[in-house]
Amino acid sequence: MDCLSFSSEKLCSSELFDSTDVEEMEEERIGKCAEDLEINPFDRLPFSSRYYNLLKEREELPIWQMKYAFMESLHHHQIVIVSGDARTGKSSQTYPFCLSFFTFKVPQWCAEYSLASHFQHGAIVCTQTCKHAAVWLALRVAVEMDVNIGHEVGYVVPYDNCCNTETILRFSTDDMLQREMMSNPLLSSYGIIIIDYVLERTVPTDILLGLLKDVLILRPELKLIVVTSLQLSSKLQAYYGTVPLIRVRSQYQTEVAYTSDIQKDYFFSALRLLFDIHNSKRRGDVVIFLACEQEIGNAFWIIQQEGHHLNPDLGELFPVPLFPNEQERILKSNEDKLCKNYRRKVLLTTSMGESLVLSKTVSFVIDTGIQRQKVYNPRIRADTVVIQPISKSQAEMRKQILGMSSSGKCFRLYPEEFIEKEMKPLPPAKIQESKLISMVLFLKRMDIAGLGHCDFMDRPDPESLMQALEDLDYLAALDNDGNLSEFGIIMSEFPVDPQMSKSILASCEFDCVEEMLTIAAMVTAPGCFINPPQGTEETAATCRQKFLHPAGDHFTLISVYKAYKEASTNSISQYYDIEKWCQDYFLNCSALRIAETIRTELVDIMRRIELPISAPAFGLNENVLGIKKALLSGYFMQIARDVDGSGNYLMLAHKQVAQLHPLSIYYNSSRIPEWVVFHEFSIAENNSIKIISAISPDLFMKLVPQYYFSNLPPSESKAILQEAINHLSPISGVDKGQKTIEERGFEKYPEIPAEQRCIIQ
């Protein structure tokens, strides 16, 4: 490469601990107990031959030498911290490179430990930060333990439970274990809890780390294992006090090359380097870490286009986009296909995608050193974009993806001094950068069980915390003392945003439950519309016309879901391929299946708490009005007005101006509504509002809490609304024969002084 000059350096980790005695003890134990190993103690069936093959390979790993030290620490202490490099063992098995081998062995060792006491204190749960990692690990550990998935080993992830009453080891996402605490605050069904992959520091992970400190005091028999990186282990030790630390460092070397200066055009520099690697004829897959998901899409398209011009004798470049927020697409993209020539995979991901690399054939890592993060701004209730360097721990993790590749090389598109001068030791905790309304609602729910106080490792942003309390108060989830109201308790039962929970509950009053549950499922699942390939944009737009509803995007989502369900029924009765149907209409079949699963769970929750479910009536004028009322009941804080008739919408709650999202039915339309309720406002996506529907000022003023309206900043829009309420008649804005809010028994929110609204316990 002409524009890049690298200086290479061999980076060596420290030597492993001396463990000769431990090895001799293990060899002697295995020799004496060979006959005992013939029966699996977990299912009382004979071990398979594959089990012995895997056991022999695992015993050669460095981490196996730490088993005795781990078991001793677990026996004598309530909390154990385990840390190690991303790869601390060599194996012919396909492990995710960014998951330490601790991830596989610690749960199994805990199962052996609990087996000795016949699981008298409960089962074992191991948390992961993402869904596909929990599923993959459960499948892998079941193979290594030689048991059946769904029986002795299982997994619990959002909208999928593969466990039974006999499951002794379950893998769960951190948010699912958090939700389990609402019904079982002390997690009494577990004897050992393993919090894995703490480096990512999601909001649920930080909540669990804090609440478990109190649970451990109330349950002295409970054990907590925290698996983390070397960089975070000292901070966790300070957080939990005097606790043992089991540490293993890799003995393998990784070659690292730096550029002489910072690459301002890092995106094209990374692609040029990729083509240079390919032309060098060196075998091995490549991982490229880019700044954001948009760059993943751009790189994917460029590699596909340029791949046609490469020398076919060098093999095929096969780009694989790994979108952290689209895990279903990740698994599908990783499926191998038959190829006559050599195929080099190019894995494209971002700073959140380290744990998604599931290939053991990676020989090259290209690290741009830059990330484009979304940070929540409570003042405008939207995500803002921050471009910043990655942390030192992230840079180290990317290097360790190479694992034990003897010929691997990590290319860093920045100078070595950039690490010390610009990179922070650890990435910021998500609890300091995220919207916190769901977290506060959960903690208020836990306060009922006496666990509302949470000692966070890093304090949440105070402004985000205050805004979350204020919003919950507007939603009637809090009483006058700042505690969770009965309405708030019901809202916390739904695994959706609190505003959507309020809309679902309001739909019971407005006879549109069926439709609101569909909307909730569709906006919670990934986007149902896919970006059409180049040259098919007009065809895709024509196909979308079939689903458009004049009332707005929320209603369009209902039309899409109804069409999907009808096509699914036809696919069963007429052998019609539903995936082909989705492809023909440029719809994401995986996203629609997720929405179907979400909706089923929401219906189950409605029935469990005995809430009424109205009959479907989509398409009737009364139903359209009811849906808008239900939406406004939860999303009255997300109202915008077109100030100039050209699609420039001014937020009512603040003075930010946004445009319509390109996927909105009103985009490029001659009939742009003046007033809209929107589901999401994102500065990160070209300052746009997404999923919008038209409303009237009269309807808004009937449903908005009056003390929220009185606190809005002065604006022309507020003056227009005030004028509307001054002239509002009892039946204004309501169809003839439709009951008014007062006739339905809806209670007006009283005017409450500001100092009484948000009281922090």
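Peer 1: It is not clear to me how the overall build of the chain should be interpreted in this structure. Could you clarify?
Peer 2: Looking only at helices and strands, the chain has 26 helices and 22 strands in total. By the burial criterion, 55% of the 761 residues in the chain qualify as buried. Restricting the contact set of the chain to residue pairs at least 6 apart, pairs at least 24 apart contribute 76%. As displayed, the chain has an accessible area near 33600 Å², and 50% of this comes from carbon and sulfur atoms.

Peer 1: Can you walk me through the environment of F364 in this structure?
Peer 2: Tracing the backbone shows F364 in strand β14 (residues 362-367). Of the residues examined, F364 reaches a relative accessible area of 2% and is grouped as buried. On a C-alpha basis, the gap between F364 and K399 in space is 9.3 Å, while along the polypeptide they are 35 residues apart. Setting aside chain neighbours within four positions, we find F364 in contact with I277, R282, R283, G284, D285, V286, V287, R344, L402, K409 and F411.

Peer 1: How should I be thinking about the pattern of salt bridges in this particular structure?
Peer 2: Where charged atoms of side chains with opposite charge meet at close range, the side chains can pair. Evaluated as defined, the whole model comprises 22 salt bridges. Note that R379 and E463 form a salt bridge whose closest N and O atoms lie 2.8 Å from each other. Residue R379 is located in the loop between β15 (370-377) and β16 (382-389), and its partner E463 is located in helix α15 (residues 462-474); the two are separated by 84 residues in the primary sequence. R379 sits in the exposed class, given a relative accessible area of 60%. When its relative accessible area of 35% is taken as the criterion, E463 is described as partly exposed. Linking R381 and D471 is a salt bridge whose minimum nitrogen-to-oxygen distance equals 2.6 Å. Placement of R381 in the loop between β15 and β16 and of D471 in helix α15 is noted, with a sequence separation of 90 residues between them. Several salt bridges converge on common partners, so that one network encompasses R201, D206, K235 and D458.

Peer 1: Help me understand the sheet that holds strand β9 (residues 245-248) in this model?
Peer 2: Consider a sheet: its strands pair through backbone hydrogen bonds, and that pairing is either parallel or antiparallel. With mixed pairing, eight strands are arranged side by side in an open sheet as β5-β4-β6-β3-β7-β8-β2-β9. Only two strands of the sheet have a single partner each, and these edge strands are β5 (160-162) and β9. Within the sheet, the average angular offset between the axes of one strand and its neighbour, ignoring direction, is 15°. Two elements, strand β7 (residues 190-195) and strand β8 (residues 223-228), share four bridges in a ladder whose sense is parallel. Bridging across to β8, I192 finds its partner in K223. On top of the sheet, helix α6 (residues 174-183) reaches β3 (123-128), β4 (153-157), β6 (169-173) and β7; it is set at about 100° to β6, its chief contact.

Peer 1: What should I look at first to understand the nonpolar core in this one?
Peer 2: Proteins that are soluble and globular tend to have nonpolar side chains buried together. I193 and F700 are the most contacted members of the largest nonpolar core, which totals 123 residues. For this core, the leading source of residues is helix α22 (residues 589-608), giving nine residues. If we skip the residues at most four places from it in the chain, F700 touches L632, F636, I639, L652, I695, F709 and L721. Counting 38 residues, the second-largest nonpolar core is a separate cluster that includes F42, Y51, A138 and F171.

Peer 1: Help me out: how do you make sense of the side chain of E144 in this one?
Peer 2: Assignment of secondary structure puts E144 in helix α5 (residues 131-145). What makes E144 buried here is its relative accessible area of 0%. Within polar-contact distance, the side chain of E144 engages the side chain of Q108 at 2.7 Å.

Peer 1: Can you walk me through the packing of aromatic side chains in this structure?
Peer 2: Remark: the centre distance and the inter-plane angle together describe each pair of aromatic rings, the angle taken between the planes. According to the stated counting rule, one finds 14 aromatic pairs in the structure shown. Consider the rings of F267 and F268, whose centres lie 5.1 Å apart with planes at 85°: the pair is edge-to-face. Accessibility expressed as a relative area gives 38% for F268, which makes it partly exposed. Through a chain of ring-to-ring contacts, the aromatic side chains of Y474, F636, Y707 and Y708 assemble into a single cluster. Over the ring of Y239 we find K213, and its NZ or CZ is 4.2 Å from the ring centre. Between the NZ or CZ atom of R544 and the centre of the ring of F529, over which it lies, the distance is 4.6 Å.

Peer 1: Before we go on, may I ask you to explain the packing of helix α7 (residues 203-218) against helix α14 (residues 437-447) in this structure?
Peer 2: Angle between the axes and distance between the axes: these two values describe a pair of packed helices. Packing of α7 against α14 leaves a shortest axis separation of 11 Å and a crossing angle of 25°. Taken together, α7 and α14 sit at an angle that is classed as roughly parallel. Considering only the axes of α7 and α14, their crossing is right-handed. Of the residues in α14, those touching α7 at V203, I207 and L211 are M439, F442, L443 and M446. Of the residues belonging to the contact of α7 with α14, the class tally is seven nonpolar, no polar and no charged.

Peer 1: How do you make sense of unusual backbone geometry when you look at a structure like this?
Peer 2: Outside of glycine, negative phi angles account for most residues, and trans bonds account for most peptide bonds. Although it is not a glycine, R201 sits at a positive phi angle of roughly 55°. Within the secondary structure layout, R201 lies in the loop between β7 and α7. One non-glycine residue, D511, lies in positive phi territory at about 55°. Relative to the helices and strands, D511 is located in the loop between α17 (498-509) and α18 (513-524).

Peer 1: What's the story with the environment of L505 in this structure? I'm lost.
Peer 2: With respect to the helices, strands and loops of the structure, L505 is situated in helix α17. By relative accessible area, which is 10% here, L505 ends up buried. As a C-alpha pair, L505 and L611 span 106 residues in sequence and 8.4 Å in three-dimensional space. Those residues in contact with L505, other than ones at most four positions away along the chain, are F487, I490, M491, F494 and L611.

Peer 1: Looking at this model, I keep getting lost on the pairing of β6. Mind explaining?
Peer 2: Successive side chains on a regular strand alternate, one facing one side of the sheet and the next facing the other. Burial analysis of β6 places five of its five residues in the buried class, which makes it a mostly covered element. Going residue by residue along β6, you find L169, F171 and T173 tucked away on one face and R170 and S172 tucked away on the opposite face as well. Taken together, the five bridges between β3 and β6 define a ladder with parallel strand orientation. Paired with V125 across the two strands is R170, which belongs to β6. The pairing of β4 with β6 spans four bridges and is classified as parallel. Across the sheet, residue V156 finds its bridge partner in β6, namely S172.

Peer 1: Please explain the confidence of the model for the chain as it appears in this structure.
Peer 2: Detailed reading of predicted coordinates is not advised where the pLDDT is low. Averaged over every residue, the pLDDT of the chain is 83; the share at 70 or more is 83%. Every residue in residues 327-338 is under pLDDT 50, and counting partners more than four places away or in other chains gives 25 contacts. Here residues 731-761 scores under 50 on pLDDT; set against residues more than four positions off or in separate chains, the count is 62 contacts.

About the cut-offs
- Residues numbered from 1 in each chain as written.
- Predicted model: local features only at pLDDT ≥ 70, side-chain atom pairs only at ≥ 80, totals over all residues.
- Heavy atoms only, no water.
- Helix = DSSP H or I, 4+ residues; strand = E, 2+ residues; numbered from the N terminus.
- Buried < 20%, exposed > 50% of the residue type's maximum accessible area, 1.4 Å probe, protein only.
- Contact = heavy atoms within 4.5 Å.
- Areas by Shrake-Rupley, 256 points an atom, 1.4 Å probe, with all protein chains shown as cover.
- Salt bridge = Lys/Arg side-chain N within 4 Å of Asp/Glu carboxyl O.
- Pairing = 2+ DSSP bridges.
- Axes fitted to C-alpha atoms, helices over the stretch in contact; angles between N-to-C directions.
- Core = buried A, V, L, I, M, F, W, Y, C linked by side-chain atoms within 4.5 Å.
- Polar contact = N/O pair within 3.5 Å; in protein donor to acceptor, adjacent residues only side chain to side chain.
- Phe/Tyr/Trp six-rings, centres within 6.5 Å; stacked < 30°, edge-to-face > 60°.
- Lys NZ or Arg CZ within 6 Å of the ring centre and 35° of its normal.
- Parallel < 35°, antiparallel > 145°, perpendicular 65-115°, else oblique.
- Left-handed = near helix turned anticlockwise from the far one by under 90°.
- Nonpolar A, V, L, I, M, F, W, Y, C, P; charged D, E, K, R; others polar.
- pLDDT = per-residue confidence, 0-100.

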